[in-house]
Structure formats: structure tokens, C-alpha cells
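A structural walkthrough
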Amino acid sequence: MSALLEFLKTYMWPLIFAVVIVAVLPLLAGYVVLMERKIMADMQARLGPMRVGPHGLLQPIADALKLLIKEDIIPENADKVVFWFAPVISVTAAMLAYSALAIGPFFQIAELNIGLLFIVAVSSMGIFGIILGGWASNSHYSLLGALRSTAQMISYETAAGLALVGGVLLAGSLSTREIVQAQHGGTWYVFVAPIGFFLYLVASIAETNRAPFDLPEAESELVAGYMTEYSGFRWAVYFLAEYANMIVVASIATTLFLGGWLRPFQGTPWMDFLDFFPPLCFLAVAGYCFYRTPKQPEPIQSMVMALFGGLCLLLAAAMALPFVPAFAASKPGLHGAFWFLLKVSLYIYSFMWIRFTFPRFRFDQLMKLGWYFMIPLSIVNVLGLGVYRVLRQLQWSRWPAFVLTTGGTLLVAIWLVWNAQKKAAAPSSVGDMTEAEG
Amino acid sequence: MVNDPSEKKPPAPAETPSEKPAGASAEKPAAAPPKPAAPAAPKPPAVPPPPKEGPVPLDNDLVKRFKARFGDNIREAWTDRKQAILVVDRESLAEISEYSRDDEGFDYLVDLTAVDWPKREKRFDVVLNLYSFKKNERLRLKVFLGEGENCPSVTGVWSTANWLERECFDMFGIVFEGHPKLTRILLPDEWQGHPLRKDYDILTQDTAWVRENLGIESGQ
Amino acid sequence: MSDTRTTGFPGVEQTVLGADEIIINMGPQHPSTHGVLRVKLRLDGERIVDSECVIGYLHRGVEKIAEHRSYQQFAPYVDRMDYVAAVSNGLGYCEAVEKLLGTEAPMRAKVVRTILTELQRISSHLLWLGTHAIDIGALTPLFYCLREREEILKIFEKYCGARLTTHAFRIGGLQYDTYDGFEAETKRFCLDFSHRVDEYEALLTENRIWIARTKGIGVLSAADAIDMGATGPVLRGSGVKWDIRKAMPYAAYDRYEFEIPIGQNGDTYDRYIVRMQEMRQSNRICLQAIEDIPAGPIMGKVGKVLKPPVGEVYHSIEAPKGELGYYIVSDGTTQPYRVRIRPPSFINLEALDKMIKGHLVADVVAIIGTLDIVLGEVDR
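Calculation criteria
Residues numbered from 1 in each chain as written. Chains lettered and ligands numbered in written order. Predicted model: local features only at pLDDT ≥ 70, side-chain atom pairs only at ≥ 80, totals over all residues. Heavy atoms only, no water. Helix = DSSP H or I, 4+ residues; strand = E, 2+ residues; numbered from the N terminus. Rg over C-alpha atoms; globule rule 2.2 N^0.38 Å. Buried < 20%, exposed > 50% of the residue type's maximum accessible area, 1.4 Å probe, protein only. Contact = heavy atoms within 4.5 Å. Areas by Shrake-Rupley, 256 points an atom, 1.4 Å probe, with all protein chains shown as cover. Lys, Arg positive; Asp, Glu negative; His and termini not counted. Charge placed at Lys NZ, Arg CZ, Asp CG, Glu CD. Pairing = 2+ DSSP bridges. Axes fitted to C-alpha atoms, helices over the stretch in contact; angles between N-to-C directions. Buried area = accessible area lost by both parts, 1.4 Å probe. Salt bridge = Lys/Arg side-chain N within 4 Å of Asp/Glu carboxyl O. Polar contact = N/O pair within 3.5 Å; in protein donor to acceptor, adjacent residues only side chain to side chain. Nonpolar A, V, L, I, M, F, W, Y, C, P; charged D, E, K, R; others polar. Phe/Tyr/Trp six-rings, centres within 6.5 Å; stacked < 30°, edge-to-face > 60°.

So, the overall build of chain C
Within chain C, the secondary structure is distributed over 15 helices and eight strands. Computed over its C-alpha atoms, the radius of gyration of chain C comes to 22 Å, within 12% of the 21 Å expected for a compact globule of 380 residues. With the C-alpha coordinates aligned to their principal axes, the bounding extent of chain C is approximately 75 × 50 × 35 Å. Relative to its 380 residues, chain C shows a buried fraction of 68%. Contacts spanning at least 24 positions in sequence make up 71% of the contacts within chain C whose residues lie at least 6 apart. Roughly 11,400 Å² of accessible area belongs to chain C as shown, and the carbon and sulfur atoms make up 51% of that amount. For chain C, the separation between the mean place of its 45 positive charges and that of its 51 negative charges on side chains is 4 Å.

Printed below as a string of C-alpha cells:
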């Protein structure tokens, strides 16, 4: 009995956080989908989901219900065990990555000293789910999708990893918490290593199979890639894994480059009024909800709207809690989580923005971009940041060091682009395929 | 290669038909002769064709050149609605096509189709619509085919003919000799009959195929 | 698998890795075959070794139906062929029958026909642009295109009550005169539209991914294009400056000034540019035509019962997809003896096998898109 108590004492919070992650993540992913549809609709001069709940607020729940009760079809000649197991691998890998992420200084399941390495390693296991699913479907579209996915992940994992090394080099630690704390008071690493951030942005889009790199599931070419034969719940699980992965890469980028849970201008005292932003933000949303409540066409929609407004009010109250002297200690936890999630949302928003603006790359072009541009540039970037650290240790002031290293890396980038253009001018794009495939 | 017929010829005023047949300025006809292509068609006496619209024998430079080259293989030549039509011999179709393309500049096969006249001795017209980018002229070649007679393929002359001949085979059952892959194109391979033949009644579908493949009785 | 194994296809010595080929059935249910086109692809990795189109899934026997309907009764059927450009189909058919009858529509009817047909060309090209862009992965232009297309469809709806299969024209002229405000609405649309084309071009024309995906893809040389019988923007994209509106003007096209845009390389990008320019030119024609619509009757002198004299006629127009021809044989009765439709989509699609050979799977959808086919017209 006492052993159990002892166990609970040590592991109570991690257990609670784990349960919260598993319970909330699917919901969160559902609402990321809703936001994506809304943002897409806004960019495309239309309204998006408007039917289920006010402004489509209950759409994710309706979607989830629909997917759960949909017929689950397993193709005749599929490898049934692998077919069943593949989506589970994908989603497990995506969720496991959260165990080392720090959403605020307090909210973290496990503080690992190799946190970042663990996250990168575990989330790249998700590729097994995709390959196995594509292979087990026994369909050519799925197989092609899976093969594309493999090649793409391997190429871009390298670039993404090297881009992360830059940040790790600056922080001097692999622990997510320490990386964030290293940015405290100083500058966020996005301002020290903008090229590294850019490389990670591109690579993370490719890694999560988002447009313009969504070749493994390019619906106009491969129908749905590795997911072609999946339906109902299993399909939903793949989808969940994809969106969970998106949140993971956004969290990594936030931790490493955007100062994690830190408020903007943390070290500047006159900017402290920004502390009022989280409660006021929720208050504004709540106000809008209550303003719109009487204008809903159906009473049930008014009710949902009012409920949502109430929820926002509650969150605003929670965010205002640290201003009560007795609970001042809760400030880093609550506000940290707010800023962290806000940054993650902005990062994901940039994903969506890119998705709705650009056409899709072709496979060989994607590979060329990966191997001829991203990887060389990320290596140079690591070297540049190393030089930056040395210069700083030699007591150079920040600006000359920054201009020197970033400028140098930029020059290499320009040279790479120029070189690629010169190469592309000569032979036809078709003839080059052999090279890219080999 | 840039062809621009439009720059050579200013657009005609809208009131006159703008399409010029192949050198149709030739001669004015006295009376329209009976249309040779349609002896089987009932000709209602109540509606006499206006002299302007009927088929008119044609004997301009183009036809003369064709006749000089191929002699009796050019059976007839006339214009209908100011559009030039040449009836050519079945055996020499490929040759004549090649000549039309290379020497007369009819490099674009607009269309290839057929018309079924079941009561006529030679049942089918195979109709080739040609166009010349250089001259901005159209020309129609016709071949009369009896039941069971094959038509030489012109796929070697114009690649377009490939699908057009397949469609013609599909719809009329006309076999094109020398076609690389003469199979049905619009209808299923197992379909019986050729729908655009006049004796293929529209109420008669291939009921066997419908029953077997769609699982329904054809509702016609 | 031995490395010396040959593929059995001329020109392709062996697969890159000496591996087996994959056969993929693209369609008839596939997101980007624009209907029920089925393309059998033989792939080496992702490269097309060989392909074959299977069509006919939408075959309705339009030509046979024509033989069992009177001339007027058949007119609505032609709308169902190229259903995204029904007005153009109707124009071709009506003019062909008029030619067969030896009559002509009055000038006012011709001008209104020209305006509506050009609007239809814009709307057809808009739908092409949207679907082509979405095939290549750009999601957003589709909705902008549909927004403008909606305005055109509203004009159609106000004019004749239908949006898609309009049956806007009658043999001999028009049934309906223009509605009040037709000129003003069309003019407003046209004035607005040239800025809208700039918007689409801003999204795509200079986009590096778009250029990378379309330049050098599906190249069709001018000689090949003529040999394959390709017409419309496909032919013009290959650099042949030929447009029936200029070469053999019909309706009221000889009254207006416009250019024939052409490409140089005959690749997908050139065809894209050609169609974008064509939209601007159509807009220009509309603006000129709307300025002075001549007064007068809208219906020529044709009887209630049409009995064209014995004979045959071929008449073709420049439909949005290419040369749309009608070859009509009359036996002097009220029903056509034979109606042959020369479908531009069908013949342009024939070039597909040639164009996709050696390309990748991703290029297949780009090339199908650039051909701008409508399966209703391919299969008839």
C-alpha cells in the first residue's frame, strides 16, 4: 500500500498529464482540422463548415462520430494483421513524442535530458505505420504512396535533424526544458539562426506530408496514397496521426526557435503589460460569442454559442488567476501554456497558408530540393552556427557575429539556387529522373 | 512552324457565307442534278431544292489536278452548299490521301466518319473531312463501300485517323485494312451489332450484354 | 530479376532498376481524370512506359438519337455533350442546320450569339483553370474561378432560364430577346473580369512550383499537333496560329477585333498561357459586342417544320476546347439522316498517349488537365 502511495507521489502528475494528452489530443486534432477548413474557406472566398453548431463549432465531433460508425472495409487480399496494426503504429509514435515536450515549465510528462533526440527518434517511427499500411493494402496506389513517403521522410528527416542541431548547438543541451530556459532573457533562436528556422519550417512541412510536399497522399495523383484503402475508424487514426505529427513538429519548432513557453519580450520590464494579453484575449472571444448568441438561427445553436462563450470566460478567469496574489505561483504554468499553444497555432497557421497558396511539387523535384538544396544548406548552417558560438566566446558582440555567419550561410544558399538553375536550364526534367531515383 | 491562314485572307463580310469551297468560284450551274450519293433516299416532290443549295458538279483546278493524277479513280466531284466533295475509288484511297496531304497541302484530317445507305448497292459512304492550313480550304473525300468490303486505313497518313477509324468500326462495322489496332472504342468489347447502321433499331439494344453486365433488363 | 531484361516496349530498353513494371488503372473513378476517363498506365517506378485510354463510359449514342428526332428536337441534346460549354455546342448545331437550310440568322441574333458564346468560352476556361490548378495541387484558384463563372451563369440564367444546359439558341435565330439590363450586367462583368484574370495570374503564372510543374511537360510539336488533329488551345499552344473565328468567321466574329494568342514550345505552360490570354481576348470581344447590339428581328424566316433540301453540310466553330464540327446529311425529311459530331475533346485526347510517354505519374494529371477534355463530349 505504501509502495503504491510512494509510486503515486512520484508519478501522479506525469500520469495525469499523460491521460490529458491522450484524451485531449484527438479533440485538439479535430479542432485543428476545423480551423484548417475555416482558414481555407476564408482564403477561398467561402464560409466553410457552418451547419453543425454555430459557425460549425461542433463539426469535429460530428466528423468523429461519422468516422466511428462508418463501415470498416478491409480489402480482400490485404495482409489483415499488418493492415490493422499499421495505423496504430503511426498514431502511437505521434503521441509518444509528447511525453518529452514541455508545454510550459510545469506541464511535462517526463523531463528527459535527451528530450529532443527522443522526440525526433520516436516521431520518425511513424513512417513504419505508413509503409506497412501502404504495403498491406495490396493496392498499387497505396504502394506508390508508401514508397514516396519513405523516400521523402528519409530525405527530409536529415535536413530537419541538421536544422535542429543548430538550435541544440546554441542551447548546449538536448533537454527541451533547458533549451527554452537558455532562451530566457536572451534572444529567441529564430533571430540568431533564421536560416535554421526556415530550413526546419520547410523540412517539417515535408515530414508531415503537407502541401506542397503532400506527395504520399496527393489526391489528384494517387487518390489518397497510402490511405487509399482505409476507411472509417482506421482512416481516422491515420488522420489523427498526421495532425498530431503536425502539432509535434510545431511544438519542436516552438521549443527550439520560438522561445517555447516564454512570453515575447520576457526580459524587458516595460513590456510586462503583455501579461494581460492571455485573459483579455479569452475575454474578447467570450464577448464575441455572447454578442452572437441571440443572432443564431436555432435555439440549440444559441445554446452552444453561449456554452462556448462560458468556456472562454472560464479560461479567461483561469488566465487572470495569477494576478490574485495568493495564486501568483501559477503564472508560469498557466501563461506558459498559453504562449506555447499560441506559438504552436501560429506555426500551424503558416503550414495552412502555404498549403492553400502553392501547387504541389513533383516527386523528382521534391527529391532534388531535398538533396541538392536542403541538406547541403543545413550542413553549412550548422557550421555557421558553430562559428557564431566560437565568435561569441571570443567576446565578439552579437551583431557582427550574426551578420558574418548568417550572411555567409545566405551566400551559400544563393549559390546553391544559382547552381540548380544553371543545371535545370540544360537537360530536360524527364531525363534527370534516373539520377534522382538512384 | 507557324501557319497563319487568317493573315492571308481578310475575313469575308458576314452576309456572304464565309467558307469557300476548294476553288468553288468555277461555274454557275443551270439546274441541280439528282444527288448521286443518295439515290435511295425518298425525295419529296413538294420541296424542290433551291438551285443554290443542291449539289453542283465541280470541275475546278483542284479537281483537274486530282483527275490528271489519278484518272478514273476520282469517280465524281461536286459541291454541296459550296463545299467541295470528291468521290474516290476504294483501292486508291490511301494513295489519294497521301497525295492530298503532301502535294495539295491538306495536312489536317478534321474528321473521318461514315453514312449508311442500306438500300443502295454500295451501302456505306466513308467520309473524310480534310483541311489545308496553307490554303484555308476544306475538302471532303468520299469512298463508297459495299457490305463486307474493307476500307484501306489512312492511319499512316494522318495519326488522327486511329481513333476515328476505331469509332467508325465500332458504330458501323466497317473494317479498315492496315489499322494498327481495330477494336471497339466507345462500346464494350463484347457488344453485338453496330448501332449507327440504319438497320440497328434504336429500340433494340444488345439486351444480352445489358442483362449480363448490368444485371437489369434493358428498359427500352 | 536480371538487369538485361527488356521491357518489350519500343524505345525503352530496360527499367531503371531492372525491376518489374506496375500496371495502374487510373480511373474511371479517380479524382483527376475529369469524369470517367480510364487510363491504363504501365509504370517503371513512377515513369510511364506505356499507356492506353479506355473511353466510352459515358456513351449515350447522341448521333443515333439525332436520327430519330426532328431538327429542332435534337438541339437540346447537343448541350449534353460538352456540358461545360453548352452554348457553344448549340451555336455550332444551329449554324450547321441554318447552313443546310440555306438561311441565316439576323444580325441582332448573331451578335447576341457571339456575346453569349464568348461568355461561355470564358466560363469553360475558368472551369479548366480551376480544375487544372487543383490537379497540380493549387487548391485556391478553383474557388476564385467558380466565383467568376457564377456571374456568367447568372447572366445565362437570366437570359434563358438555365445555367448549364442552356439551349440558348434556336435554328434561325433566338427565341428570347435580351432581358433588360443584359448589356449593363455583361459590361460590368467584363470590366471587372480583366482584373480577375490578373489575380489568377498572380497566383500561378510566376509561381516557381507552377512553372516547374508545367514547363517542358507534355510537349507537342506543331507538326505532331497537326498530325494528331489537335485543335483549339492545344494546337495554338504548339505555335500554330489558327482559329476558326479568324480563318472562317461565323456568327458575328468578323465585326470584332481580337488576337489569336499562341505558344512556342507546345508544353503545358504554353497552353496555360494561351488559355489565359484567350480569356482576355474573349472579354475584349464581349466588350466590343456589347457596345452596339444592332436592332432588328431576332428570328430569321424559318418555318415551323424544317425540311432541309437533300444534301449535306459540314460546319464547324471554334468551341472552347477546339474545332467542334457538325456534319449533317439531309434526305429531305424532317429528321436528319445522319448527324456526325466532330468532338474536339475526343480528338485532342488521342494525343494523350503520345504526350505522357516517359513522364511521371504526377505529370499525367497535369497533361490530362491541359488537354481540357470533357468526357461527355469524348464519349457522346
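As for the pairing of strand S2 (residues 74-80) of chain B
Two faces make up the sheet, and in a regular strand the side chains alternate between them. Residues and elements named next belong to chain B. Judged by how many residues are buried, S2 sits mostly within the fold: five of seven residues are covered. Sheet topology places strand S1 (residues 56-57) next to S2; two bridges connect them, and they run antiparallel. Its bridge partner being in S2, Pro57 is matched across the sheet by Trp78. In this sheet, strand S3 (residues 83-88) lies alongside S2 in antiparallel orientation, the contact comprising six bridges. Within S3, the position partnered with Asp80 by the bridge is Gln83.

Here's the deal with the sheet that holds S1(B)
All names here are of chain B. The sheet built from six strands is open, its strands ordered S1-S2-S3-S6-S5-S4 with mixed pairing. Looking at which strands have only one partner, the edges of the open sheet turn out to be S1 and strand S4 (108-116). As paired elements, strand S5 (residues 124-132) and strand S6 (residues 137-145) share nine bridges and run antiparallel to each other. Note that in S6 the partner of Asn129 across the bridge is Arg140. Helix-sheet contacts for helix H2 (residues 61-70) involve S2, S3 and S6, and the interaxial angle to S2 is about 170°.

Overview of the environment of Trp84(A)
Residue and element names in this part refer to chain A. Within the secondary structure, Trp84 sits in helix H3 (residues 80-96). On the accessibility criterion, Trp84 (49% relative accessible area) is partly exposed. Between the alpha carbons of Trp84 and Gln44 there is a distance of 37 Å; along the sequence they are 40 residues apart.

Here we look at the interface of chain A and chain C
Counting residues at the interface gives 32 residues for chain A and 40 residues for chain C. Of the roughly 3,100 Å² buried where chain A meets chain C, counting both sides, 60% is carbon and sulfur surface. Between chain A and chain C we count one salt bridge in total. Between Asp363(C) and Arg362(A) there is a salt bridge; the shortest N-O distance is 3.1 Å. Scanning the region where chain A abuts chain C turns up eight residue pairs in polar contact (both at pLDDT 80 or more). Broken down by secondary-structure element, the contributors of at least two residues to the side of chain A that touches chain C are helix H1 (2-43), helix H6 (140-171), helix H10 (219-222), helix H14 (331-357), helix H15 (363-393) and helix H17 (433-437) of chain A. Considered class by class, the residues forming the side of chain A that touches chain C number 15 nonpolar, eight polar and nine charged.

Brief notes about the interface of chain B and chain C
Buried accessible area, meaning the area lost when the parts come together, often serves as the stated size of an interface. Facing the 70 residues of chain B at the interface are 60 residues of chain C. Summed over both sides, the interface between chain B and chain C buries roughly 5,500 Å², with carbon and sulfur atoms accounting for 56% of that surface. Among the residues chain B hides against chain C, the three largest losses belong to Arg81(B), Trp163(B) and Leu186(B). Together they make up 14% of the total. Remark: the boundary between chain B and chain C carries eight salt bridges. With a closest N to O distance of 3.1 Å, Glu67(C) and Lys198(B) form a salt bridge. Counting residues per element, the ones that place at least two in the side of chain B that touches chain C are helix H1 (5-8), S3, S4, S5, S6 and helix H4 (161-172) of chain B. At eight residues, the largest contribution of residues to the side of chain B that touches chain C is made by S4(B). A class-by-class count of the residues in the side of chain B that touches chain C yields 38 nonpolar, 10 polar and 22 charged.

Some remarks on the packing of aromatic side chains
Two numbers describe a pair of aromatic rings. These are the distance of the centres and the angle of the planes. All names here are of chain A. Throughout the structure, instances matching the rule amount to 37 aromatic pairs over all chains. When the ring of Phe197 is compared with that of Tyr347, the centres are 6.1 Å apart and the planes differ by 65°; the resulting orientation is edge-to-face. Linking Phe197 in helix H9 (residues 194-207) with Tyr347 in helix H14, this pair joins segments that are 150 residues apart in sequence. Given a relative accessible area of 16%, Phe197 falls into the buried group. On the basis of an interplanar angle of 65° and a centroid distance of 6.0 Å, the ring pair of Phe277 and Phe338 is categorised as edge-to-face. Here Phe277 is found in helix H12 (residues 277-292), whereas its partner Phe338 is found in helix H14, with 61 residues between them in sequence. Judged by its relative accessible area of 36%, Phe277 is partly exposed.

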